[in-house]
Amino acid sequence: MTPSPVFEHTDARLGTFTLRTLDPAADAGLLHGWVTHPKASYWMMQGADKAEVAAEYRRIHEHPHHDAFIGLHEGRPAFLAERYDPSRVELEGLYPARPGDVGMHFLCAPTDTPVHGFTLAVITVVMEFCFADPHVRRVVVEPDVRNAAVHALNAAVGFEIVEQIATPEKDAYLGVCTRDRFEATRTALAARAVRAARAARAVEGVTR
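Below, the structure is looked at part by part. Values in this document were obtained by computation on a predicted structure and should not be read as measured data. (Residues numbered from 1 in each chain as written. Predicted model: local features only at pLDDT ≥ 70, side-chain atom pairs only at ≥ 80, totals over all residues. Heavy atoms only, no water.)

## Structural notes on the side chain of histidine 73
Take histidine 73: it is sitting in strand β3 (residues 66-73). On the basis of relative accessibility, which here comes to 15%, the residue histidine 73 falls in the buried class. Excluding its chain neighbours within four sequence positions, the residues that come into contact with histidine 73 are Leu14, Thr16, Phe17, Ala78 and Phe118. (Helix = DSSP H or I, 4+ residues; strand = E, 2+ residues; numbered from the N terminus. Buried < 20%, exposed > 50% of the residue type's maximum accessible area, 1.4 Å probe, protein only. Contact = heavy atoms within 4.5 Å.)

In structure tokens form, the structure reads like this:
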């Protein structure tokens, strides 16, 4: 039985995104194809087999301070999201944690037909999900310093790089995004989307 959605968000341009709790056994095959894809190199599971992927997400599923979710776009699996307590997972002892901090990871499914703006929409959905909890004050991330694409996405939704840190797996940029910064960038992104839509309609009117 497919788990029920735990969060839903509608993007004005791309449609409906939902999150459901990840099932380590049922989703192992799907996840294996995602996390071992060459474009998922920063997920650090390139050599994992299906059993190892299932075991890793079973560990996360059973962890009291770490959750994983399958993200769907218009009802079809499209991304992976993780939410965790950074003072106990990933960043324990590596940064000055504050009450209301939550960590997140996300990974878009590989595709041969990328949609412009899709990854930005996904990170926005994950941020909306994190801040839907009224106790969350900041979202904290620790991407690899070499991952320029995700640094740009993080900045687009309001993250600021605080410092470079060394985790057991990588050299990372510690980034934080407050609720106020996310809401401000979300408003700016929405206004930009409205302007772009108006410009597209104006061009369409001229060319018809």
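Picking up after the structure, the text goes on.
## Some words on the packing of helix α3 (residues 118-131) against helix α4 (residues 148-156)
At a minimum axis separation of 10 Å, α3 and α4 run at an interaxial angle of 55 degrees. The orientation of α3 with respect to α4, classified from their angle, is oblique. Here the hand of the crossing between α3 and α4 comes out right-handed. Counted together, Thr119, Leu120 and Ile123 of α3 and Leu153, Asn154 and Ala156 of α4 form the full contact between these two elements. (Axes fitted to C-alpha atoms, helices over the stretch in contact; angles between N-to-C directions. Parallel < 35°, antiparallel > 145°, perpendicular 65-115°, else oblique. Left-handed = near helix turned anticlockwise from the far one by under 90°.)

## Focus on the pairing of strand β5 (residues 101-108)
For β5, the tally of buried residues reaches eight of eight residues, placing the bulk of the element in the interior. Covered by surrounding structure in β5 are Asp101, Gly103, His105 and Leu107 together with Val102, Met104, Phe106 and Cys108, the residues of both alternating faces. As judged from the six bridges shared by strand β4 (residues 76-84) and β5, these two strands associate in the antiparallel manner. The partner of alanine 81 across the bridge, within β5, is phenylalanine 106. (Pairing = 2+ DSSP bridges.)

## Let's talk about the pattern of salt bridges
Inspection of the entire model under this criterion finds nine salt bridges. Between aspartate 67 and arginine 83 there is a salt bridge whose closest N-O contact spans 3.2 Å. Of this pair, aspartate 67 sits in strand β3 while arginine 83 sits in strand β4, and the two are 16 residues apart along the sequence. Given the relative accessible area of 32%, aspartate 67 is considered partly exposed. Judged by its relative accessible area of 25%, arginine 83 falls in the partly exposed class. (Salt bridge = Lys/Arg side-chain N within 4 Å of Asp/Glu carboxyl O.)

## Here we look at the environment of glycine 29
Relative to the helices and strands, glycine 29 is located in helix α1 (residues 28-35). C-alpha of glycine 29 to C-alpha of aspartate 49: the two residues are 20 residues apart in sequence and 9.5 Å apart in space.

## Considerations on the side chain of lysine 170
Assignment of secondary structure puts lysine 170 in the loop between β7 (160-166) and β8 (171-178). At 2.8 Å, the side chain of lysine 170 and the backbone oxygen of glutamate 142 are in polar contact. Excluding anything up to four places from it in sequence, lysine 170 contacts Met44, Glu142, Pro143, Asp144 and Ile165. (Polar contact = N/O pair within 3.5 Å; in protein donor to acceptor, adjacent residues only side chain to side chain.)

## A short note on α1
Among all positions in α1, only Ala28, Leu31, Trp34 and Val35 are buried. The buried residues of α1 all sit within an arc of 125 degrees when viewed along its axis, so they share a single face. Lining the buried residues of α1 we find α2 (50-62), β3, β4 and β5. (Arc of directions from axis to C-beta.)

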